Every structure is written in C-alpha cells, then in structure tokens.
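# Examination of the molecular architecture
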Amino acid sequence: MLGYILRKTLMVVPILIGIATITFLLNFVFVPGDPVRISMGQHADPETIEMIRAEMGLDDPLIVQYGRFIGGLFKGDFGKSFTTRQPVLDMVLERFPATAKLALAATIISIVLGVSAGIVSAVKSNSFLDYFFMTFSMLGISMPVYWLGLVLIVVFSLNLDLLPAGGYGSGSLRYLILPAFALGFRQAAKVARMTRSSMLEVIDKDYVKTARAKGLSEQIVVIKHALKNALIPVITVIGTQLGYLLGGAVLTESVFSWPGLGRLAVNAVLKRDFPLIQGTVIFLAACFVLVNLLVDLSYGLLDPRIRYD
Amino acid sequence: MKAQVEEEQEIKQISEEAHSPWHEAWKRLKKNKLAMIGLGITTVLLIVAIFAPIIAPYNPRYAPVIEDGKVELSLQGPSWAHPFGTDKLGRDIFSRVVYGARISLMVGLITQGIALVLGITLGAIAGYYGGLIDEAVSYLIQVFLAFPFILFAIAIMAVFSEPGVDKVFLALGLISWPPLARIVRGQVMSIKEEEYIEAAQSLGASDFRIIVKHVIPNSLAPIIVTVTLGVAGAILAEAGLSFLGLGTQPPRPSWGVMLKTGQEYIRSYPYMIWFPGLAIMIAVMGINLLGDGLRDALDPKMKD
C-alpha cells in the first residue's frame, strides 16, 4: 500500500515538470520578440527594460534560464511579476484562498445536488422526475458557466435584489452563493448523470436484491447497499471534472469580480505579464494534478476490491 | 492474383451492403430520440451558418448610421423589427446571433481538423514505432491532459501579440489532439501484429498507406465520437475565451463577444445577454446529444 502511494506520487513529478516546461516554452521561447518589452509596451524606458532583463537573467542562454527556472520552482521561487515587481508565488498564494473557497463550495453544491438528483432519477427511473432531472443535467452540461452567472445576476441581484451581483464582501457567505452555484451547476449535472447510471447498474445486483429480500427498508437498501457501491465512479467524475471546474473558475471569477487566481491569470494575460501567467498556470495545473492523485489514492479506501499491485 | 483480389473485394462489398456496420449503426441512431433531436439541432445550426446572409435581416457588424454619426436604434429591447433587440451600436442582435453560428461552427470544425491531423500522426507514430518514441508521445499526452483545458488555451493566447479568431483556431487545435492520439495509438498497437498488416507490409505497402487504409478505418467509430464532442467543446472554449477578451475580437459577432458586451450593459439592458447565451447552450447541447447518440450507435460497448 505504502509502495503504491509512493509510486503514484513519484509519477506526478515528471508531469509537473512537463507542465512547467510547456509554460516556460510558451512564455519565453515562442513569444515573438522580447517578452519584457512586449509587457512594458512601446514607450517603456529602455533602461528599465535592461534592468529587468538583467535581473531575470534573460540574456543568459535559454538552457541556463530553463535550468534556473525549474530549479527555482523546486525551491518555491516562481520569479517576479513584470508589472508589480512582487514575487509571483506571493501573489498567487494571496489569491489562492478565494479560488479554493469558490471551487470547494461549487464542489459541495455539485455533490449535494448531483447525488440527490441522481439517486431520485435512478430509483424512479423513467418517471417524470427522472426526465426532469436528466433534462436539467443535459442543459447544465451545455451551458457556459459565465452565462449561467450572468443569468443568476439578472434574476437574483437585479430583479429580486436578494444577493449581491459580485465582489468578495470580505468573505461573507452572501457573496459566495451565486458564483458557487454558477460554477457548481455543470459539475452537478455531470455528477447527477454518473450517479444515476452507476446506481442503475448496482440496483440489479444480487446483493441489493438480497438486501431487499431480507426485508430491509427501501431507504436502507438504497443508501447502505446501492449508493455506497455506486459512489466510486462518481468520485472519479468529481476528480476528472476538476479541470473544468478550475477552468470554469477563471470565467466565473471574471463574471462576479471574485478576487481569485482566475482573474489574476486573465489580467496577467491582458497585461502580458509573462512570469505571472506562468506562475498562475503552473499553480492551477498542479492543483488539478494533485487532486487527481488524491482521487486515485482514495479508491482503495472506498473499494476494498481494488488491490495495489 | 490481382483479379482475384479485386473479385474478393467485390464480394466483400456486396455482403457489406446488406449488413454493413454503418447501416446497422444508422438504424440504431434513428431509434434514439435524443440523438435525433441532436441531429436536428446540428442540422439547423449548419443551415443557419451556411445561409447566414440570407437569414439575417441586417448587417451584423455595422448598423446604418442615420446622420451626424448618430445611431437611432441603439439599445432597443426586443421588438417585431428586432426580435432580439439591438446593441449599443444599433446592430440587430438577431443578425449577430445568426452570423455567430458561422464563427462557432468554423471554430469547431477547424480546431478539430487540426486536432485530427496532429492526433492521428502522433498516435500512429507512437503506436507503430513503440519504444522511446511511444514513451515520448505518451508523456506528452499525459502532460497535455494535465492542464485544465481553458487555462491551457488562455496560456497559449498570451503568446500572440493580438488575439483573434484565427489564433483561437490554432490554440484550441494545438491542445485538442491528445484524446485522438490515444485512440489511434491504441488501435495501431492492437492491430500491428495482425496477419493482414504483415501481409500488407510484405506486399510493400508503405507505413503511410497502412495507416490510411487499415488503422484509420478501424478506429473510425471512436474518432467520429471524439471529434463530434470535440466540436462542442471547442465552441464552448471559443465563447469563453472571447468572453474574457482573449479570443475573437469585436466587431466580429462571436457569441462570446456578444456576452462580454452584454455584461457591460447588464444593469440597464439585461435583454442583451439572453440570446447569445441560449444560442451557445442549444448549439452545444445539440452537438453533445448527437455525439452521445453516435457513441451508443457506433459502439454499444463504449462508455463515458
């Protein structure tokens, strides 16, 4: 078991290096011209540009720059922002809690909504409720998150005046509800479909029939026997969908002026602050990779049938 | 010898026409109501995109200027003359939504075209030659899939000095190939050792010919499904990039651009956000339904 965890964890390292390499290539090799000049604009002071170039070692051979960059990452050095001159990691870590909060809230919403809709749909399959939930989940999967965000703003902020249309509100829950719902809805739709189909699969299994035959109440059968086994694929969905969730967070944050990493990344692109783009992208991709690792590792805890060989 | 091969092919063709797997798949697809809804929506989308100049009543990019550069029809809510209303510059939103279908479909098709070329080439090379080349390509696939999709696209868009729809094609195409490469690689590896491939090789068929004649036809079903769902994904991604200001640029009537402008006027003129968003949702849903239906019809064993 420990060996398995270790092996899986070690396999993540080359992936992270690959991610860092591709972002490095994009920002410092494929960009036509001098990234510092592009970022500072046409009228930047040549001396400032020279200073930044020297400070970042941009005149060194590429391979040296690359080595320094990868080495720096291992030491937690993500370089300095072109525009604010602050260390990138500090800026990223400052914004990270807001994004983590949004993503976590969205995931909770998606699990609560998705799993309950999925169970109802499976238990009462082909009923009106089943069709209702499945239509909704079809719409949810196809709906752009930022559009749902705009619709929620029109309905709940502008028309009903119930919730704020944007901002962080120094962490108050009222500000979290709309963005979390906008972001979590697509995920909820995916979770609902997956819960339904994997519930339908186990509901015919012999052990569920046995549970029913020995006179257990329907609720216990559904929750204790069917759901427990149906949840494994659902957890996979939550893990693999995290990529969409983080991408969606970038868009949701823009709609609701949420001060997270996504907005930081978009602003960095608009200002062409290459070290900051690099830092946010690597950080978010690393989050995605690590959560998927945790999902992988958690299978064994949930399903004793899975062996670590 | 040659005549015999031809004769055999003919016989094969005749027997295939009777029970061709494609015919069977079509029969299964026709029975699937959701897939037919998807096919219907996709067809309408195609028609709207192709005949946009006939369908759209107004110019999507420029409104008629009345006099002194003043625009009379600025920011009007939905009416009979302008069923979806007009925007700040007096442009008919309905016409813009119609033309937006063109951009979305183009993005979907071109992106997937690039992904197909890259995916088939890399997948085939990896599966065929194996060894270090395979390891390298597989590693690249893993790394590419480790990026959140939209975030990867954003990072690539940062490279270009000016964003624009042509760069969106490139950015999304460059990151959409890994699932296709995976399919083709797997297929190549599974048929590489088959006798008929060996026979083709000993008859002097080139690697390229073997890939085109044997590998692609064998993996056509999963490729079609992946590409169809990929079109929907690309449409969503383009709209998202454009909404952030990092994709298609105004005055081009991309649905994402329209939502971006709509957001600016959301407090006073919320009607502007409804129709471009609905258009994205319906288009993506239609193509997804078709893709899901194709998956069930082409290969009943394939799953989510």
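Residues numbered from 1 in each chain as written. Chains lettered and ligands numbered in written order. Predicted model: local features only at pLDDT ≥ 70, side-chain atom pairs only at ≥ 80, totals over all residues. Heavy atoms only, no water.

In its Subcellular location (unreviewed entry) section, the UniProt entry covering chain B states "Cell membrane". In its Sequence similarities (unreviewed entry) section, UniProt records this for chain B: "Belongs to the binding-protein-dependent transport system permease family." (UniProt positions renumbered as here; feature names shortened; annotations may be inferred.)

Per an unreviewed UniProt entry, chain A carries the name Peptide/nickel transport system permease protein and comes from Halanaerobacter jeridensis. The Subcellular location (unreviewed entry) field of the UniProt record for chain A holds the comment "Cell membrane". If you open the UniProt record of chain A and go to Sequence similarities (unreviewed entry), you find "Belongs to the binding-protein-dependent transport system permease family."

### Focus on the interface of chain A and chain B
Each partner contributes to the interface: chain A provides 46 residues, whereas chain B provides 42 residues. For the chain A and chain B pair, buried surface summed over both sides reaches about 3900 Å², with 79% attributable to carbon and sulfur atoms. Sorting the residues of chain A by area buried against chain B places Tyr 146, Trp 147 and Leu 150 of chain A first, and these three jointly supply 15% of that buried surface. Counting across the chain A and chain B interface gives 1 salt bridge. (Contact = heavy atoms within 4.5 Å. Buried area = accessible area lost by both parts, 1.4 Å probe. Salt bridge = Lys/Arg side-chain N within 4 Å of Asp/Glu carboxyl O.)

### So, a negative patch on the surface
There is a patch of like negative charges on the surface, built from Glu 193, Glu 194, Glu 195 and Glu 198 of chain B. Within the fold, Glu 193 of chain B resides in the loop between helix 9 (178-191) and helix 10 (195-202). (Patch = residues over 30% accessible without salt bridge, like charges linked within 9 Å, V, L, I, M, F, W, Y side chains within 5 Å. Areas by Shrake-Rupley, 256 points an atom, 1.4 Å probe, with all protein chains shown as cover. Lys, Arg positive; Asp, Glu negative; His and termini not counted. Charge placed at Lys NZ, Arg CZ, Asp CG, Glu CD. Helix = DSSP H or I, 4+ residues; strand = E, 2+ residues; numbered from the N terminus.)

### Side note on the nonpolar core
With 150 residues, the main nonpolar core has Ile 19 and Tyr 146 of chain A together with Ile 154, Leu 172 and Trp 255 of chain B as its most contacted residues. The greatest single-element share of this core, amounting to 13 residues, is contributed by helix 13 (residues 274-302) of chain A. Residues lining this core come from more than one domain, with at least three contributed by each of domain 1 (2-88) and domain 2 (92-302) of chain A. When sequence neighbours within four positions are dropped, the list of residues in contact with Ile 154 of chain B reads Val 250, Val 266 and Val 269 of chain A together with Leu 241, Leu 244 and Leu 246 of chain B. Ile 203, Ala 211, Ala 226 and Ala 230 of chain A belong to the second largest nonpolar core, which has 18 residues in total. (Core = buried A, V, L, I, M, F, W, Y, C linked by side-chain atoms within 4.5 Å. Buried < 20%, exposed > 50% of the residue type's maximum accessible area, 1.4 Å probe, protein only. Domains from an automatic or database assignment.)

### Observations regarding the UniProt feature "transmembrane region" (unreviewed entry) in chain A
Residue and element names in this part refer to chain A. The UniProt feature table records "transmembrane region" (unreviewed entry) at residues 12-31, 102-123, 135-160, 172-189, 230-256 and 276-302. Helix and strand shares over residues 12-31 are 85% and 0% respectively, and the end C-alpha atoms of the span are 28 Å apart. Helix makes up 93% of residues 230-256 and strand 0%. Its end C-alpha atoms lie 35 Å apart.

### Points about the pattern of salt bridges
Oppositely charged side chains can form a pair if their charged atoms are brought close together. Residue and element names in this part refer to chain A. Under the defined criterion, the tally for this structure stands at 7 salt bridges over all chains. When the shortest N-O distance is used, the salt bridge between Lys 8 and Asp 296 registers 3.0 Å. With Lys 8 in helix 1 (residues 2-28) and Asp 296 in helix 13, the pair connects residues that are 288 residues apart, well separated along the chain. A relative accessible area of 24% means that Asp 296 is categorised as partly exposed.

### Remarks on helix 5 (residues 93-129) of chain B
In an α-helix, one turn spans 3.6 residues; hence positions three or four apart end up facing the same way. Taking 1.5 Å per residue as the helical rise, helix 5 of chain B with its 37 residues ought to reach 54 Å, and the 53 Å between its terminal C-alpha atoms agrees with that figure. Backbone geometry just downstream of helix 5 of chain B places Gly 130 of chain B in the positive-phi region, at approximately 60°. (Expected span 1.5 Å × (residues − 1).)

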